[in-house]
Amino acid sequence: YELVQFTPTSKIEGYIGLGYHFWRRGLGASDSAPNMADYTEDYSWSYVPVGVRLLNQLNDTLQLGIDFSVRPMFGGRIGIHLSDLNSKLQDVDADLGSQVGFRAEVPLLAALTPGFAVLFKPWYQFSAIGRSDTFEIRSESGEVVSAGYEPDSRTHQFGALISGRFSL
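Report on the accompanying structure. This structure is a prediction, so every number in the text was calculated from the model and none was measured.

A word on the nonpolar core
It is characteristic of soluble globular proteins that their nonpolar side chains tend to be buried jointly.
Then step 1. If you look at the biggest cluster of nonpolar residues, it comprises 15 residues, and the most contacted ones within it are Tyr43, Trp45, Ile78, Ile80 and Phe135.
Then step 2. Elements represented by at least two residues in this core include exactly strand S4 (39-47), strand S6 (62-80), strand S7 (92-95) and strand S11 (135-138).
Then step 3. If one sorts the elements of this core by residue count, S4 sits on top with four residues.

The following block contains the structure:
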């Protein structure tokens, strides 16, 4: 959605969306914990990116932008596969606390020919997961043997996308 056309060469756009994140975390033996057994945790949540994008046409062949979005999460879940550690334990499923993350991008689009352009887009993303509910750890017979929770955490990710655009 275009909000403002500043000049023939620059504009600002706002957007809103819906996203889903899934991460399977494999844990297990390492040099620092050689006696640990392998198991997995599944993290998932939905989020609503609400953002603004500033695009500026620098010249006939270059466009530079700044894109920033906040990403409130909802419906966060963790599944812990305790049966991988010990077949006498039941797997756990718990709610994660909702947090707000964000993403920033700086896209640079270069038109190399009239029908071909290259996009370079470095990005940074911050995600946060709130503390889970306290959950019971149960034996295969259903007896409560312990309790636990997933602590809150923060993740900083960065990368870059390089892609080509063709038009006929």
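Side note on the pattern of salt bridges
Then step 1. Enumeration over the complete set of coordinates arrives at eleven salt bridges.
Then step 2. With a shortest N-O distance of 2.8 Å, Glu105 and Arg103 are connected by a salt bridge.
Then step 3. Relative accessible area serves as the criterion here: at 12%, Glu105 is assigned to the buried category.
Then step 4. Judged by relative accessible area, which is 16%, Arg103 ranks as buried.
Then step 5. In this structure, the salt-bridge partner of Lys121 is Glu105, at a minimum N-O distance of 3.6 Å.

What to know about the side chain of Ser44
Then step 1. Residue position: Ser44 is located in strand S4.
Then step 2. With relative accessibility at 14%, the residue Ser44 sits in the buried group.
Then step 3. If sequence neighbours within four positions are ignored, Ser44 has contacts with Tyr20, His21, Phe22, Gly75, Gly76, Arg77 and Leu96.

With respect to the packing of aromatic side chains
Then step 1. One pass over the full model with this rule turns up five aromatic pairs.
Then step 2. Taking the centre distance of 5.0 Å and the plane angle of 40° together, the rings of Phe116 and Phe166 count as tilted. Separated by 50 residues along the polypeptide, Phe116 in strand S10 (residues 116-129) and Phe166 in strand S13 (residues 153-166) bring together distant segments of the chain.
Then step 3. Classification of Phe116 as partly exposed rests on a relative accessible area of 25%.
Then step 4. Overall, Phe166 belongs to the exposed group, its relative accessible area being 70%.
Then step 5. The aromatic ring of Trp123 is capped on one face by Arg103, whose charged end is 4.3 Å from the ring centroid.
Then step 6. Over the aromatic face of Tyr149 sits the side chain of Arg131, whose NZ or CZ is 3.8 Å from the ring centroid.

Reading the values: rules and limits
Residues numbered from 1 in each chain as written. Predicted model: local features only at pLDDT ≥ 70, side-chain atom pairs only at ≥ 80, totals over all residues. Heavy atoms only, no water. Core = buried A, V, L, I, M, F, W, Y, C linked by side-chain atoms within 4.5 Å. Buried < 20%, exposed > 50% of the residue type's maximum accessible area, 1.4 Å probe, protein only. Helix = DSSP H or I, 4+ residues; strand = E, 2+ residues; numbered from the N terminus. Salt bridge = Lys/Arg side-chain N within 4 Å of Asp/Glu carboxyl O. Contact = heavy atoms within 4.5 Å. Phe/Tyr/Trp six-rings, centres within 6.5 Å; stacked < 30°, edge-to-face > 60°. Lys NZ or Arg CZ within 6 Å of the ring centre and 35° of its normal.

Everything listed here is a matter of coordinates, which is why it stays silent on function.
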